[in-house]
Amino acid sequence: MSDPLISDTALWSSCADTVAGLLREVAAREVSPRWQSLRVDHKADGSLLSEADTAVQQALAQVLPDIYPAPLLGEESSPDVQSALWTEANQSHTPLWIADPVDGTTNFVSGLPWYAISVALMHQGKAVVGVTYAPALDSLWHASLGGGAFCNNQRLRLPTTERALRASLVGVDMTYLPQALRQTIANISPSGLTQSPDQSAPWRGWRSLGASTLEWCALASGQIQAYIHGGQMPWDAAAGRLILTEAGGHSAALGDTAANNQLQPTAYTAAAPGVWAEWQAWLREQRMYNHT
């Protein structure tokens, strides 16, 4: 048998480049014209649904299978379709596109610039392509398995030197964290004086962007150094975790859902390599989670 014409690494890299161009085109056509002038509905769970969400998912469903032959599991698909696609991909190891057509919809409809389109390609149970584009910021992150991570075509490489957690900025989504941990974090008032013995906080401060796909990218870009989220669906995390990994960062699923292949929210913790050990130690001290 002859050798393949292209390696897997080169194939995934080419797919990532193509998806990156696609997201820019879709955003220019379907998202930017609707920003601050759009109709908004509510989903069954009460979350917001804009006409941009629907338009972007329809556009992606038409084009992504031409880039790599696989169906699309989108956030705006029906629950039955989502479950069927996820189960098939996990049981049969078939490829699957995953997309969040507009992550941070509340930000989007409120005129805040922290929203994004995020797409990942799963192959044999792992992410091989991840692309996230923030139109209002004109920032595009993309990564491929073994091919590295990039922001606006600049290679991302997180430093491996040790960095104190107390000198770090942490990304936190308070909404989905367990109540006890949420209260612990809320009661910490960082002084910002990382060299002062008066600082009692374990970190410099924490931030929540309201768009989890961008929080993964902020971590991969070194803008924050650690991250925790109490419940993400695959379209929230698949692209970002690959981007972070290819930039040199670490992430892990937490709690009882870590080894569960069901389509349900999963808690994650993540950090830059120099902060990972101390961040994990702090979380273990809170006795909120068990690693798997």
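Right, let's walk through the structure included here. Remember, predicted model here, so these are calculated numbers, not experimental data. (Residues numbered from 1 in each chain as written. Predicted model: local features only at pLDDT ≥ 70, side-chain atom pairs only at ≥ 80, totals over all residues. Heavy atoms only, no water.)

1. Remarks on the sheet that holds strand β6 (residues 126–134)
Heads up, the condition is: In this description, strands pair whenever DSSP reports at least two bridges between them. By the criteria applied, helices consist of DSSP H or I runs no shorter than four residues and strands consist of E runs no shorter than two, each listed in order from the N terminus. Two residues qualify as a contact provided that any one of their heavy atoms is within 4.5 Å of a heavy atom in the partner residue. Only the stretch in contact is used when a helix axis is fitted, and all axes are lines through C-alpha atoms; the angle between N-to-C directions ranges over 0 to 180 degrees.
Taken in spatial order, the seven strands line up as β3-β4-β5-β6-β7-β8-β9 in an open sheet, and their pairing is mixed. For this open sheet the edge positions go to β3 (72–74) and β9 (154–155), each flanked by a neighbour on one side alone. Judged from the two bridges that link them, strand β8 (residues 148–151) and β9 form a sheet pairing that is antiparallel. Within the sheet, the bridge partner assigned to Cys151 lies in β9 and is Gln154. The strands touched by helix α1 (residues 8–31) within the sheet are β4 (96–103), β5 (116–123), β6 and β7 (139–144), with β6 carrying the most contacts at an inclination of about 30°. Across the sheet, helix α3 (residues 79–92) is in contact with β3 and β4; its angle to β3 comes to roughly 130°.

2. Remarks on the side chain of Ser168
Rule in force here: Each polar contact in these results corresponds to two N or O atoms within 3.5 Å; when the atoms are within protein, one needs to be able to donate a hydrogen and the other to accept it, and residues that are neighboring in sequence are counted only if both atoms are side-chain atoms.
Among the structural elements, Ser168 can be located in the loop between β9 and β10 (169–173). Within the local environment of Ser168, its side chain forms a polar contact with the backbone oxygen of Ala164, the two atoms lying 2.9 Å apart. In contact with Ser168, not counting residues within four places along its chain, are Arg163, Trp203, Arg204, Gly205, Gln225 and Val275.

3. Overview of a nonpolar patch on the surface
The cut-off we apply is this: Residues enter patches when their relative accessible area tops 30% and they take part in no salt bridge; the joining distance is 9 Å for like charges and 5 Å for the nonpolar side chains Val, Leu, Ile, Met, Phe, Trp and Tyr. The accessible surface values rely on the Shrake-Rupley method and a 1.4 Å probe; as for residues, cover is taken only from the protein chains in view. By definition here, a salt bridge exists when the distance from a side-chain nitrogen of Lys or Arg to a carboxyl oxygen of Asp or Glu is within 4 Å.
Residues Leu112, Trp114 and Leu137 make up a contiguous nonpolar surface patch of about 240 Å² in total accessible area. Inspection of the secondary structure puts Leu137 in the loop between β6 and β7.

4. Observations concerning the pattern of salt bridges
To keep it simple, the criterion reads: For each residue, the accessible area found with a 1.4 Å probe, counting protein chains only, is set against the maximum for its type, and the residue is called buried under 20%, exposed over 50%, and partly exposed in between.
The full count for this structure, using the stated rule, is two salt bridges. Between Arg24 and Asp138 there is a salt bridge, and its shortest N-O distance comes to 2.8 Å. Linking Arg24 in helix α1 with Asp138 in the loop between β6 and β7, this pair joins segments that are 114 residues apart in sequence. For the salt bridge of Arg29 with Glu30, the shortest nitrogen-to-oxygen distance reads 3.3 Å. Since its relative accessible area comes to 48%, Arg29 is described here as partly exposed.

5. Brief notes about helix α7 (residues 234–247)
Just so we agree on the cut-off: A helix is expected to span 1.5 Å for every residue after the first.
With 14 residues, α7 extends 20 Å from end C-alpha to end C-alpha; this agrees with the ideal 20 Å at 1.5 Å per step. Counting buried positions along α7 yields twelve of 14 residues, so the element is predominantly enclosed. Among the residues of α7, those classed as buried are Pro234, Trp235, Asp236, Ala237, Ala238, Ala239, Gly240, Leu242, Ile243, Leu244, Glu246 and Ala247. Immediately downstream of α7, the backbone of Gly248 shows phi near 105°, a positive value.

6. A closer look at the nonpolar core
We apply this condition: Residues belong to a common nonpolar core when they are buried Ala, Val, Leu, Ile, Met, Phe, Trp, Tyr or Cys residues joined through side-chain atoms within 4.5 Å.
The biggest cluster of nonpolar side chains holds 40 residues, and the ones touching the most others in it are Leu96, Ile98, Trp141, Leu156, Trp216, Ile243 and Leu244. Considering each element in turn, this core owes the most residues, eight residues, to α7. Each residue touching Trp141, except ones within four places of it in the same chain, is listed here: Gly130, Val131, Thr132, Ala134, Phe150, Cys151, Leu156, Leu214, Cys217, Ser221 and Ile243. Counting 31 residues, the second-largest nonpolar core is a separate cluster that includes Leu22, Val56, Ala70 and Leu121.

7. Points about the packing of aromatic side chains
Working definition: an aromatic ring pair is given by the centre-to-centre distance plus the angle between the planes. This is how it is decided: In this analysis, rings of Phe, Tyr and Trp, with Trp reduced to its six-membered ring, are considered paired at centre separations within 6.5 Å, and the interplanar angle assigns stacked below 30 degrees, edge-to-face beyond 60, and tilted for intermediate values.
Evaluated as defined, the whole model comprises seven aromatic pairs. A centroid spacing of 4.7 Å and a plane angle of 70° characterise the contact between Phe108 and Tyr115, whose relative ring orientation is edge-to-face. The exposure classification of Phe108 matches that of Tyr115, with both residues buried. Seen from their ring centres, Trp203 and Trp282 are 4.9 Å apart, and the 65° between their planes marks the pair as edge-to-face. Of this pair, Trp203 sits in the loop between α5 (179–186) and β11 (205–207) while Trp282 sits in helix α8 (residues 276–286); the two residues are 79 residues apart in sequence, bridging distant segments of the chain. Grouping aromatic residues by their ring pairs yields a cluster made of Trp203, Trp279 and Trp282.

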